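Analysis of the macromolecular model
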Amino acid sequence: MPGKQTKDKADLTYKPKSGWEILKDNAPQIETYNNEYREFLSRVKTEREAVSYLVEAAQGRAGLIVYENRGKAIALCRKGVSPLADGIRLVVAHLDSPRLDLKANPLYEDTDLVMLRTHYYGGIKKYQWLARPLALHGLVVKADGSSVRIVIGEDSDDPCFTIDDLLPHLAGNTQYTKKVSDAFQGEKLSIIFGSMPDLKAKDDKVKRRVLALLNEKYGMVEQDFVSADLEVVPAGIAREVGLDRSLIGAYGQDDRACAYAAFAAVRDCSNVPCTTVALLVDKEEIGSDGNTGAKSNFLEEVLWELSERFQQDIVPTRVLYRSRAISGDVNGAFDPEYPEVHEKTNAAKIGYGVCVTKFTGSRGKVGSNEAHAEYMGWIRAFLNRRNIPWQTGELGKVDEGGGGTVAKYFAEYGMDVVDMGPALLSMHAPFELSSKVDTYSTYLAYRAFMEER
Ligand code: MN
Ligand code: MN
């Protein structure tokens, strides 16, 4: 007996469609969403700033329950129709992005320049930090326990900072003749912080002058750098890119494209069948360790809190075993100038909607959580039914490289997890590019996942 036949023979092939075509009647919604998203990217450059922004944005939203973890991670929850014990719908994304952190004793003076030494956090090609405007963001805790937030370099009348690069004329032996990985050293990524001497000082003249300025503005002394989280990031706002304004260029879209979509989805969703959690974590770019990272027990703590709030007795690990999750993270988009690193049939394309990544990892899927066929089937079915632009994506050719996400840490609980988010050009660069239709599709997909019966 032959199996059930598809009636329309033309439907047998699968050709992904442009998101712009699928959502051709939704241009105003795409614009509105991306204006909000761009505002978020412009105002938020660190995990701490993201949490503050989202706590404020969640205020007064009916049904939205918010838990914060040390100002660096956040869970935004909405109660579902079914009991907590039946499992939750989880969208997890990360709020941290590659950056340069100040060392504990960052200040030094040499040749009348005062510099701040840094230790890089996460991976941007090191030369991309050089000779560009940088801003300083963070929190300083003073000796008396009071704290002060710092943002310098974002307003157009603020000063900014930069890292000096060698002139090409003298870069022959130190840069041009070396491999890129050797030519640019992490230890040399020091920020130029000032150059004007305190004429009354006997020594450390420039350093004493910048310390006086820091003290005047923030009440800081040099030892305060020890108890601070100070992050150096690319300065400037998120921009529209392309004559057609179809793209967004900004620092930190890995992974704030997904973090913002997760927030907007849990904010806007309604009548959710299961309790829904947008969990936005820290430390992904350095391996997810630490008490604000994906490997921490924050999610279990959130479930204890919800169980008390809903007055429903649960065992969090059992709830998590019965749960479904999306690991919201970006993928790398096909770059037409470097086709050799991609396998075109399976690479994600800019403008083709949210990218569903069945597995990540490298060298034969090592380190990957692979979504099962059954789970992929469920996801694909509701994305199709709701006409949400989506595509699959594999990061690079087999054995070309690879990468991982937080998916595996949540899969350890036994829940089903799949990676899903927009594909970026210039991923892990100071100015990453996303397509407006992809960021909007990501929001639609997360919201559909939360609302799907
Ligand atoms: Mn990421
Ligand atoms: Mn990343």
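Before reading further, recall that the structure is shown in the block above.
So, here is what we can say about the structure in this document. (Residues numbered from 1 in each chain as written. Chains lettered and ligands numbered in written order. Predicted model: local features only at pLDDT ≥ 70, side-chain atom pairs only at ≥ 80, totals over all residues. Heavy atoms only, no water.)

Only H94 (NE2), D254 (OD), D329 (OD) and D329 (OD) from the protein coordinate the manganese ion (ligand 1), and they sit 2.1 to 2.6 Å from it. Separating the manganese ion (ligand 1) and the manganese ion (ligand 2) is a distance of 3.3 Å, and D254 donates to both of them. Note that H94 is positioned in strand β3 (residues 88–94) and D254 in helix α7 (residues 253–268), a separation of 160 residues in sequence. Take H94 and D254: they sit in the same class, and that class is buried. (Donors = N, O, S within 2.8 Å, 3.2 Å for Na, K, Ca; no water. Helix = DSSP H or I, 4+ residues; strand = E, 2+ residues; numbered from the N terminus. Buried < 20%, exposed > 50% of the residue type's maximum accessible area, 1.4 Å probe, protein only.)

As a further point, take the nonpolar core. If you look at the biggest cluster of nonpolar residues, it comprises 59 residues, and the most contacted ones within it are L280, V418, M420 and Y446. Sort the elements by how many residues they give to this core and α7 lands first, with 10 residues. In this view, L280 contacts L54, A73, I74, L76, A93, L95, A259 and A262; residues no more than four positions away in its chain are not counted. (Core = buried A, V, L, I, M, F, W, Y, C linked by side-chain atoms within 4.5 Å. Contact = heavy atoms within 4.5 Å.)

The protein atoms that coordinate the manganese ion (ligand 2) are D254 (OD), E285 (OE), E285 (OE) and H428 (NE2), at distances spanning 2.1 to 2.7 Å. Mapping the donors of the manganese ion (ligand 2) onto the primary sequence yields the spacing D-x30-E-x142-H. Residue D254 is classed as buried on the basis of its relative accessible area of 2%. Taking relative accessible area as the criterion, E285 reaches 14% and is therefore assigned buried.

Bringing the pattern of salt bridges into the picture now. According to the stated counting rule, one finds 23 salt bridges in the structure shown. One salt bridge connects D282 with K283, and the closest N-O pair in it is separated by 2.9 Å. D282 sits in the buried class, given a relative accessible area of 0%. When its relative accessible area of 17% is taken as the criterion, K283 is described as buried. The partner of K365 in a salt bridge is E370, and the shortest N-O contact between them spans 2.9 Å. Linked by salt bridges that have partners in common, E31, R38, E240, R245 and K436 make up one network. (Salt bridge = Lys/Arg side-chain N within 4 Å of Asp/Glu carboxyl O.)

This part is about helix α8 (residues 298–310). In a regular helix each residue adds 1.5 Å, so 13 residues correspond to 18 Å; α8 covers 18 Å between its end C-alpha atoms and thus fits that length. Three or more residues of α8 are buried, namely F298, L299, E300, V302, L303, L306, S307 and F310. Considering only its buried residues, α8 is in contact with β1 (65–69), β2 (73–78), β3, β12 (275–281), α9 (316–321) and α11 (407–411). (Expected span 1.5 Å × (residues − 1).)

Look at α7 against helix α12 (residues 436–451): their axes get within 8 Å of each other, and the N-to-C directions meet at 45°. With respect to α12, the axis of α7 lies oblique. Judged by the twist between their axes, the crossing of α7 over α12 is right-handed. Contacts between α7 and α12 involve C258, A261, A262, A264, A265, V266 and D268 from the former and T442, Y443, Y446, R447, M450 and E451 from the latter. (Axes fitted to C-alpha atoms, helices over the stretch in contact; angles between N-to-C directions. Parallel < 35°, antiparallel > 145°, perpendicular 65-115°, else oblique. Left-handed = near helix turned anticlockwise from the far one by under 90°.)

Alternating positions in β1 separate cleanly, I65, Y67 and N69 being buried on one face and V66 and E68 remaining unburied on the opposite face. The sheet contact formed by β1 and β2 spans 5 bridges and is antiparallel. Within the sheet, the bridge partner assigned to I65 lies in β2 and is C77. With antiparallel pairing between neighbouring strands as the criterion, β1 and β2 make up a hairpin whose turn holds 3 residues, including R70 at a positive phi of roughly 55°. (Pairing = 2+ DSSP bridges.)

A few words on unusual backbone geometry. In this chain, D254 is followed by D255 through a cis amide linkage whose omega measures 20°. Within the secondary structure layout, D255 lies in helix α7. We note that N271 has phi near 50°; this positive angle belongs to a residue other than glycine. Given a relative accessible area of 62%, N271 falls into the exposed group. The phi dihedral of K365 is positive, around 65°, even though this residue is not glycine.

A few words on the sheet that holds strand β4 (residues 99–110). Taken in spatial order, the 6 strands of this open sheet run β7-β6-β9-β4-β5-β8, and their pairing is antiparallel. Two strands close off the open sheet at either side, each with one partner strand: β7 (147–152) and β8 (191–194). Strand after strand, the sheet turns through a mean of 30° between neighbouring axes, direction not considered. Judged from the 3 bridges that link them, strand β5 (residues 113–121) and β8 form a sheet pairing that is antiparallel. Considered in β8, the bridge of L116 is made with I191.

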